[in-house]
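Below, each chain spelled out in residue letters.
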Amino acid sequence: MTFKNLSKQKQKEVMEKNGNNQKLRVCVATCNRADYSKLAPIMFGIKAEPQFFELDVVVLGSHLIDDYGNTYRMIEQDDFDIHTRLHTIVRGEDEAAMVESVGLALVKLPDVLNRLKPDIMIVHGDRFDALALATSAALMNIRILHIEGGEVSGTIDDSIRHAITKLAHYHVCCTRSAEQHLIAMCEDHDRILLAGCPSYDKLLSAKNKDYMSIIRMWLGEDVKTRDYIVALQHPVTTDIKHSIKMFELTLDALISFNKRTLVLFPNVDAGSKEMVRVMRKKGIEHHPNFRAVKHVPFDQFIQLVAHAGCMIGNSSCGVREVGAFGTPVINLGTRQTGRETGENVLHVRDADTQDKILHALQLQFGKQYPCSKIYGDGNAVPRILKFLKSIDLKEPLQKKFCFPPVKDNISQDIDHILETQSALAVDLGGTNLRVAIVSMKGEIVKKYTQLNPKTYEDRLALILKMCVEAASEAVNVNCRILGVGISTGGRVNPREGIVLHSTKLIQEWSSVDLRTPISDALHLPVWVDNDGNCAALAERKFGHGKGIENFVTLITGTGIGGGIVHQHELIHGSSFCAAELGHIVVSLDGPECLCGSQGCIEAYASGIALQREAKKLHDDDLLLVEGMSMKKEEIVSAAHLIQAAKLGNTKAESILRTAGTALGLGVVNILHTVNPSLVILSGVLANHYINAVKDVINRQALSSVKTVDVVVSNLADPALLGAASLVLDYTTRRIY
């Protein structure tokens, strides 16, 4: 936003918003000679309008150190009242001293800011002292106006400058590029003022003043304009050793060039002490061609650089302010990399030899370039004052960032995450071994089926092989595997992942540790449970049992199994034998069951039981009826019995009716024992038994449980889905 056209009426409106005739309390904190040169013009402007502003000046940093010229005196000479002096520099001139100095400033500043209670604090630039100021003000809910944000340079200064930008509420920048950088950093455009550099307000009117007396005072009576050099070089904090070597080469080149040279001491950054040692080692302070000084007042300094034959070093002053006079500049190293410069600047990025620097001096010395106004047109201060007057203190203090529109990333959408988080599900059946990739929503993404080997070793090897293949394929189908769930027949200890013993359907499958070898091979967590329990878990997560507190699942397949969910939790029992529903005894003298007992539900209603009865009928030539045919080598199965019953075979109908009655009696016992609110029949035989079960309930059950719903599962593959639920419920919700 540009504030050139901010009307007096607008200023009046803002003043009224902030309170009738309420002055804006402005705290200007200055840390060193360089930032004071930028802040002083603003301070003069604020002081000149006492009807709008109250000015408090805080001085800290190298201003108060004798080795750096006690530059606080120039603030006093400018007739500013210094409210507070804070000694914040920890001597040492190394990286640790810089950090300690920031810490010391952070300790001392809160008391000062509590006493001053400014409406706004003006902070300049990219020095470590300025970072302490901005941090303190931000944490104490004081609005911050940052001068010269958005610029780019080398060293740690870049990071500090951008950090202050993020803390600041308002921004005064000097160039169009800096303004664009601030916008790119998501700062509010309405709080950015493109004003130019405040020091240019003084620079562009400086050349008409008497300058020869100033030149003679600092460089000697015999010096002429354009016949001397100004050298100002600072340490590069990210490469101190190299910057000291570069300074040594610079001094050697200047000695060889043999021109009168004014050398200013470096700033207080880490490495400055070593640079001063280099100066003294080479005798610069006593060399006839050199004048070494700690500080030159800014008014005099700008006269010196305006009429110099060349300026050399790595100070921002060389690439910024000196361009206003067209004075040739040699910029050494990387400290100002990224700064906008005029044509007067010659860069020597890799200043690694004396000859290279000497050659640059020969090219630049004595030239005169066009004046550059990249950094300002001399009217920055009036714009800044208008900007300050426009600040509405009633606006929320919390700054907002203007982020650019960002295209939605589907990988961060919760639906996408739920779809791609997946489990490896393993179903160990009496006939087949199946492995599937199952998504969070219950979709079977990929399924693998092999015949279940007869021996333990072959079976385990095949499980590992299929799981490894499935895990590799998961990457291709964009699935992230969270773990492995295994559904198996028999009695299982789910806590240890061990099959305690199995039915006769799966041979060599007792005392088998499934968790350890599979987890070791895949580096994934592994869960194991009984196939009936897994069917119940599948219903709880994906089927009719979702959201039901108490329900029972009966799985009707090769055998009869089931699972009981009570208060949303699966019941395992004290010895992991709960919900062996296929072995509920419904007749004392019924057929023999594979478990060794007689009259179990499984002995009547399982696929094996139906196959047994079908074979008996077939052996007696009583199975096949009109419309049925069997090949000679075809094995008789339960499916043939069901087909015969459908075609009117009364004996087949009677067998199925008996099986349905046995299953119904088992369900009645379940209703009377655990009192669920829902019974789910699952498996390939469920549809054939549903009506018979309901009839038995109506005839045999207590009236209090006759209304319990009995439904057929709508899940196509409950064993695999249940195995997946072992993983998905635990890893995402910690339920199981």
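Residues numbered from 1 in each chain as written. Predicted model: local features only at pLDDT ≥ 70, side-chain atom pairs only at ≥ 80, totals over all residues. Heavy atoms only, no water.

Q: I'm lost on the overall build of the protein chain in this one. Help?
A: A tally of helices and strands in the protein chain yields 25 helices and 26 strands. Along the longest, intermediate and shortest principal axes, the C-alpha atoms of the protein chain span 135 × 65 × 45 Å. By the burial criterion, 55% of the 736 residues in the protein chain qualify as buried. Within the protein chain, counting contacts between residues at least 6 apart in sequence, those at least 24 apart form 68% of the total. As displayed, the protein chain has an accessible area near 31900 Å², and 51% of this comes from carbon and sulfur atoms. Charge-centre separation for the protein chain: the mean point of 81 positive side chains lies 6 Å from the mean point of 84 negative side chains. (Helix = DSSP H or I, 4+ residues; strand = E, 2+ residues; numbered from the N terminus. Buried < 20%, exposed > 50% of the residue type's maximum accessible area, 1.4 Å probe, protein only. Contact = heavy atoms within 4.5 Å. Areas by Shrake-Rupley, 256 points an atom, 1.4 Å probe, with all protein chains shown as cover. Lys, Arg positive; Asp, Glu negative; His and termini not counted. Charge placed at Lys NZ, Arg CZ, Asp CG, Glu CD.)

Q: Honestly, the sheet that holds strand β4 (residues 120-124) in this entry has me stumped. Any pointers?
A: Sheet strands pair by backbone hydrogen bonding; their relative direction is either parallel or antiparallel. The strand order β3-β2-β1-β4-β5-β6-β7 describes an open sheet built from seven strands, whose pairing is parallel. Two strands in the sheet have a free side with no partner beyond their single neighbour: β3 (82-86) and β7 (192-194). If you compare each strand with its neighbour and ignore which way they point, the axes differ by 20 degrees on average. Examined bridge by bridge, strand β1 (residues 24-30) and strand β2 (residues 53-60) share seven bridges and lie parallel to one another. (Pairing = 2+ DSSP bridges. Axes fitted to C-alpha atoms, helices over the stretch in contact; angles between N-to-C directions.)

Q: Help me understand the pattern of salt bridges in this model?
A: Pairing between side chains of opposite charge can happen when the charged atoms of each approach one another. According to the stated counting rule, one finds 38 salt bridges in the structure shown. Between R320 and E148 there is a salt bridge whose closest N-O contact spans 2.6 Å. Residue R320 is found in the loop between α13 (316-319) and β12 (329-332), and its partner E148 is found in the loop between β5 (143-147) and α6 (155-167); the two are separated by 172 residues along the sequence. The pair R320 / E148 is uniform in exposure class, with both members buried. Counted as one network, the salt bridges with shared partners bring together K38, D126, E148, E151, D158, R161, R320, E321 and R339. (Salt bridge = Lys/Arg side-chain N within 4 Å of Asp/Glu carboxyl O.)

Q: So what exactly am I meant to see when it comes to the UniProt feature "binding site: Zn(2+)" (unreviewed entry) in the protein chain here?
A: When the UniProt feature table is mapped to this numbering, "binding site: Zn(2+)" (unreviewed entry) covers H583, C593, C595 and C600. Their sequence span is 18 residues, while the largest C-alpha to C-alpha distance among them is just 8.8 Å; these annotated residues converge on one region. Tracing the backbone shows C593 in the loop between β24 (569-570) and α20 (601-605). A relative accessible area of 5% means that C593 is categorised as buried. Apart from the residues lying within four places of it in its own chain, the contact partners of C593 are H583, Q598, C600, E602 and A603. Assignment of secondary structure puts C595 in the loop between β24 and α20. Judged by its relative accessible area of 44%, C595 is partly exposed. With sequence-adjacent residues up to four places away left out, C595 is seen in contact with H583 and C600. (UniProt positions renumbered as here; feature names shortened; annotations may be inferred.)

Q: Teacher, can you tell me more about the packing of aromatic side chains here?
A: The description of an aromatic ring pair uses the distance of the two centres, along with the angle that the planes make with each other. Under the definition given, this model contains six aromatic pairs. A ring pair is formed by F401 and F403, whose centres lie 6.1 Å apart and whose planes are at 45 degrees; its orientation type is tilted. Sitting over the ring of F52, K389 keeps its end group 4.3 Å from the ring centre. If you follow R459 out to its NZ or CZ, it ends over the ring of W509, 4.8 Å from the centre. (Phe/Tyr/Trp six-rings, centres within 6.5 Å; stacked < 30°, edge-to-face > 60°. Lys NZ or Arg CZ within 6 Å of the ring centre and 35° of its normal.)

Q: What should I look at first to understand helix α5 (residues 128-139) in this one?
A: Along an α-helix, residues three or four positions apart point the same way, because every turn accommodates 3.6 residues. Its 12 residues give α5 an end-to-end C-alpha distance of 17 Å, which sits within 8% of 16 Å, the value for a rise of 1.5 Å per residue. Among all positions of α5, only F128, D129, A130, A132, L133, A134, S136 and A137 are buried. In the core, the buried residues of α5 are packed alongside β1, β2, α4 (95-116), β4, β5 and α6. Phi for N141, located one or two positions after α5, is positive at around 60 degrees. (Expected span 1.5 Å × (residues − 1).)

Q: Would you take a moment to explain the confidence of the model for the protein chain for this structure?
A: Fine structural detail should not be taken from predicted coordinates in areas where pLDDT scores are low. Per-residue confidence for the protein chain gives a mean pLDDT of 89; residues scoring 70 or more make up 93%. Predicted confidence for residues 1-7 stays below pLDDT 50, and this span has 17 contacts to residues more than four positions away or in other chains. (pLDDT = per-residue confidence, 0-100.)

Q: What am I meant to see in the UniProt feature "binding site: an N-acyl-D-mannosamine" (unreviewed entry) in the protein chain here?
A: Taking the numbering used here, the UniProt-annotated feature "binding site: an N-acyl-D-mannosamine" (unreviewed entry) corresponds to R491, T503, D531, E580, H583 and E602. Topologically, H583 is positioned in the loop between β24 and α20. Exposure remark for H583: the relative accessible area of 26% places this residue in the partly exposed category. Apart from the residues within four sequence positions on either side, H583 is in contact with C593, C595, C600 and E602.

Q: What is the right way to look at the sheet that holds strand β13 (residues 345-348) in this model?
A: What the six strands build is an open sheet, ordered β10-β9-β8-β11-β12-β13; its pairing is parallel. Whereas interior strands pair on both sides, the edge strands pair on one side only; in this sheet they are β10 (290-293) and β13. Going from strand to strand, the sheet's axes swing by 20 degrees on average, the running direction of each strand aside. Relative to strand β9 (residues 260-264), strand β8 (residues 228-232) runs parallel, the two sharing five bridges. Each residue of the ladder has a partner; that of L232, found in β9, is L264. Packing of helix α14 (residues 354-364) onto the sheet brings it into contact with β8, β11 (310-313), β12 and β13, and relative to β13 it is tilted by some 170 degrees.

Q: What am I meant to see in unusual backbone geometry here?
A: Among all residues save glycine, negative phi is the norm, and among peptide bonds the norm is trans. Non-glycine residue S511 carries a positive phi angle of around 55 degrees. With respect to the helices and strands, S511 occurs in the loop between β19 (498-501) and β20 (512-513). Exposure remark for S511: the relative accessible area of 63% places this residue in the exposed category. Although it is not a glycine, F576 sits at a positive phi angle of roughly 60 degrees. With respect to the secondary-structure elements, F576 resides in the loop between β24 and α20.

Q: Please explain the nonpolar core as it appears in this structure.
A: The nonpolar side chains of a soluble globular protein tend to be buried with one another. Among the nonpolar cores identified, the biggest contains 61 residues, and I312 and L361 are the most heavily contacted of them. With residues up to four places along the chain from it excluded, the contact list for I312 reads I229, V230, A231, L232, T250, L254, I330, L332, I357 and L361. If you look at the next biggest cluster of nonpolar residues, it comprises 43 residues, including I564, A605, V636 and Y689. (Core = buried A, V, L, I, M, F, W, Y, C linked by side-chain atoms within 4.5 Å.)

Q: Sorry if this is basic, but what is going on with helix α11 (residues 272-281) here?
A: Every buried residue belonging to α11 is among S272, M275, V276, V278 and M279, and all of these are buried. Projected down its long axis, α11 carries its buried residues within an arc of 155 degrees, all on one side. Away from its buried face, by an angle of more than 90 degrees, α11 presents the exposed residues R277 and K281. Positive backbone phi, approximately 70 degrees, marks G283, located one or two places after α11. (Arc of directions from axis to C-beta.)

Q: Honestly, the side chain of R33 in this entry has me stumped. Any pointers?
A: Within the secondary structure, R33 is located in helix α2 (residues 33-47). No salt bridge is formed by the buried R33; its nearest oppositely charged neighbour, D35, is found at 9.9 Å. A polar contact of 2.5 Å, which involves the side chain of R33, links it to the backbone oxygen of K294. In this structure, R33 is in contact with H63, T71, M74, L232, H234, L264, F265, P266, K294 and H295, ignoring residues within four places of it in sequence. (Polar contact = N/O pair within 3.5 Å; in protein donor to acceptor, adjacent residues only side chain to side chain.)

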